[in-house]
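Structural description and commentary
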Amino acid sequence: MKAAVCRTFGAPLVIEDLQLAAPGPGEVQVRLKACAICHSDVTYMDGGWGGETPVVFGHEAAGIVERTGPGVGHLAIGESVIVTLLRTCGQCYYCAQGHGSLCETSFHLDQQTPLTDAAGQAVGQGLRTGAFAEQVVVEASQVVAIPASLPMASASLLSCGVITGFGAVTNVARIQPGMTTVTIGTGGVGLNCIQGAAICRAACNIAVDLSDDKIEVARRFGASHGLNAREPNLVDEVRRLSDGRGADCIFVAAGSAAALEQALQLVRRGGMVVLVGMTAEGVTAQVDTLSLAGDAVQVVGSKMGRADLAIDIPQLVAHYQAGRLKLDELVSGRFVLEEINDAVDGVRRGEALRNVIVFPDR
C-alpha cells in the first residue's frame, strides 16, 4: 500500500510502501478515493502540536468499504463512505452527554497503529486516520455511509472542514433566523461557518478576513457583508450592521490569538464567541476578564462542530443534494498521491480552500 509518510516534522512527505493490518473487531478497512488536506494536517506536519514520527497524516477522506471486522453490521462491502477522525463509543460520560467528539474511551487502534513500514517499524496513524494513503483501517464509528452518487472529492470535505464549520453554527451556537453573525477567517472551515449561518437564515452574515479576495469568495458562499480585518473602523461597521449592539455570535475560524481578541471587540453584550480554528500549542490571548463577566459574554470552544455523525452527515448530504450547501466549489485542486507535497504547499501558502488527493481506480 502506498502512503505519504512524515519522517521528520517540517520535512517533505515521502511516498513509501506500507503494510496495513487487517481490521479487527469493530474495525473497517476502506479503500480511499479522495483525501482533502486540512490545515490541521499542515500544523501537525510543521511540528505545531508535537507528537512522534514516522507518521501518516490525513483525516478528511472518502472511499469504499473493502473489509469489515467482526461485529460491524451497519456497513456493507462496496458501500460509499466518508472517513473521519472521530471515534465514539456511544456509552461513556461524554457520549451520553451528546458530546461524542470528546469520547474518553480508549480503542484498540489508540494503542496499536495498523501501519508498519518495509522494515517492520511501526508507523503512526496520524489523527487516528492516516488517510494520506491508498487504504485505511479505522474504528467503525469513524465511518458513515453516503450516497454513491456523491463525487468523492467533494464528499471527503464532509469529514472535517464542513462538519467543523457548519456544526459550530448549528450544534454549538444554534443560530436562529434573524441573528447577526461574524466569521473571522474565511478559509475552508470559515466558509462553512458562513454557509451554516446562511442556511440558518442569519439576517446579517458578515465575513472578516485579511484578504479582500477571500472576502469576495465568502460572498459567493452566503456572506451578506465582507469586511477587511485591518479596517480601522471595523468595530463601528459591525455595530452599524447590528443596530449598534455588536454581533450575536462570532465564529473565530482563524487559528490565531489576535482573531480571538478582535472577536471580543465585535460581540454584543450577552453574545457568544465560538473558537473554531485551532492554534499551535502554547498560543495565548489577552482577555479583559471584567468585560467578559460584566457583559455576560460567552466564550466557548467547538471541536469538530460537536458533530453527531449519524445525524449531521445525512443532513449535510441533503443540503448538498438540494443545492443549499456548496461542496464542489470548495475543491481548489486535485492531485495524485505523488504530488502531495505540492498540494500541501498550496494549503500552507493560503492559496487553496481545499486541495484534494485523489486515488485512481485499481
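Up top is the structure these notes are about.
The following paragraphs examine the structure supplied in this document.

**Quick notes on the nonpolar core**
The nonpolar side chains of a soluble globular protein tend to be buried, and buried together. With 41 residues, the main nonpolar core has Ile37, Phe132 and Ile340 as its most contacted residues. Secondary-structure elements contributing two or more residues to this core are strand S1 (2-5), strand S4 (27-36), helix H1 (39-45), strand S5 (55-56), strand S6 (60-68), strand S7 (80-83), strand S10 (135-139) and helix H12 (340-348). Other than its neighbours up to four places away in sequence, Ile37 contacts Val42, Phe132, Ile340, Ala343, Val344, Val347, Arg354, Asn355 and Ile357. Core analysis: the next-biggest nonpolar cluster, separate from the first, contains 40 residues, Phe221, Met304, Ala307 and Val356 among them.

**With respect to the packing of helix H5 (residues 161-173) against helix H11 (residues 309-321)**
At their nearest, the axes of H5 and H11 sit 11 Å apart, and the two run at 100° to each other. Between H5 and H11, the interaxial angle falls into the category roughly perpendicular. Each of Val162, Ile163, Phe166 and Asn171 in H5 lies in contact with H11, whose residues at this interface are Leu309, Asp312, Ile313, Leu316 and His319. The residue makeup of the contact of H5 with H11, split by class, is 6 nonpolar, 2 polar and 1 charged.

**Thoughts on the pattern of salt bridges**
Tallied over the entire structure, the rule returns 15 salt bridges. Residue Asp117 is joined to Arg7 by a salt bridge in which the shortest nitrogen-to-oxygen separation is 3.0 Å. On the criterion of sequence distance, the pair formed by Asp117 in the loop between strand S8 (115-116) and strand S9 (122-125) and Arg7 in the loop between S1 and strand S2 (14-17) is long-range, its members being 110 residues apart. What makes Asp117 buried here is its relative accessible area of 7%. On the basis of relative accessibility, which here comes to 28%, the residue Arg7 falls in the partly exposed class. The partner of Arg31 in a salt bridge is Glu66, and the shortest N-O contact between them spans 2.8 Å. With Arg31 in strand S4 and Glu66 in strand S6, this pair connects stretches of sequence that are 35 residues apart. Within this structure, Arg7, Glu16 and Asp117 form a network of salt bridges that share partners.

**Thoughts on the state of the cysteines**
This structure, assessed with the given rule, holds 0 disulfides. Cys193 carries a free sulfur, and the closest cysteine sulfur to it, the one in Cys249, is 8.9 Å from it.

**As for the sheet that holds strand S15 (residues 247-252)**
Taken together, the 6 strands give an open sheet; going across it, the order is S14-S13-S12-S15-S16-S17, and neighbouring strands pair in parallel fashion. Among the strands making up the open sheet, the edge pair consists of strand S14 (225-228) and strand S17 (298-301). Here the strands of the sheet are splayed against their neighbours by 20° on average, with no regard to which way each runs. In this structure, S15 lies alongside strand S16 (residues 267-275), joined through 5 bridges in parallel fashion. Of the residues in S16, the one forming a bridge with Ile250 is Val273. H5 contacts S15, S16 and S17 of the sheet and is inclined by roughly 125° relative to S16. Those strands touched by helix H9 (residues 257-266) are strand S12 (180-184), strand S13 (204-209), S15, S16 and S17, and its axis lies near 155° from that of S16.

What counts, and at which threshold
Residues numbered from 1 in each chain as written. Predicted model: local features only at pLDDT ≥ 70, side-chain atom pairs only at ≥ 80, totals over all residues. Heavy atoms only, no water. Core = buried A, V, L, I, M, F, W, Y, C linked by side-chain atoms within 4.5 Å. Buried < 20%, exposed > 50% of the residue type's maximum accessible area, 1.4 Å probe, protein only. Helix = DSSP H or I, 4+ residues; strand = E, 2+ residues; numbered from the N terminus. Contact = heavy atoms within 4.5 Å. Axes fitted to C-alpha atoms, helices over the stretch in contact; angles between N-to-C directions. Parallel < 35°, antiparallel > 145°, perpendicular 65-115°, else oblique. Nonpolar A, V, L, I, M, F, W, Y, C, P; charged D, E, K, R; others polar. Salt bridge = Lys/Arg side-chain N within 4 Å of Asp/Glu carboxyl O. Disulfide = S-S within 2.5 Å. Pairing = 2+ DSSP bridges.

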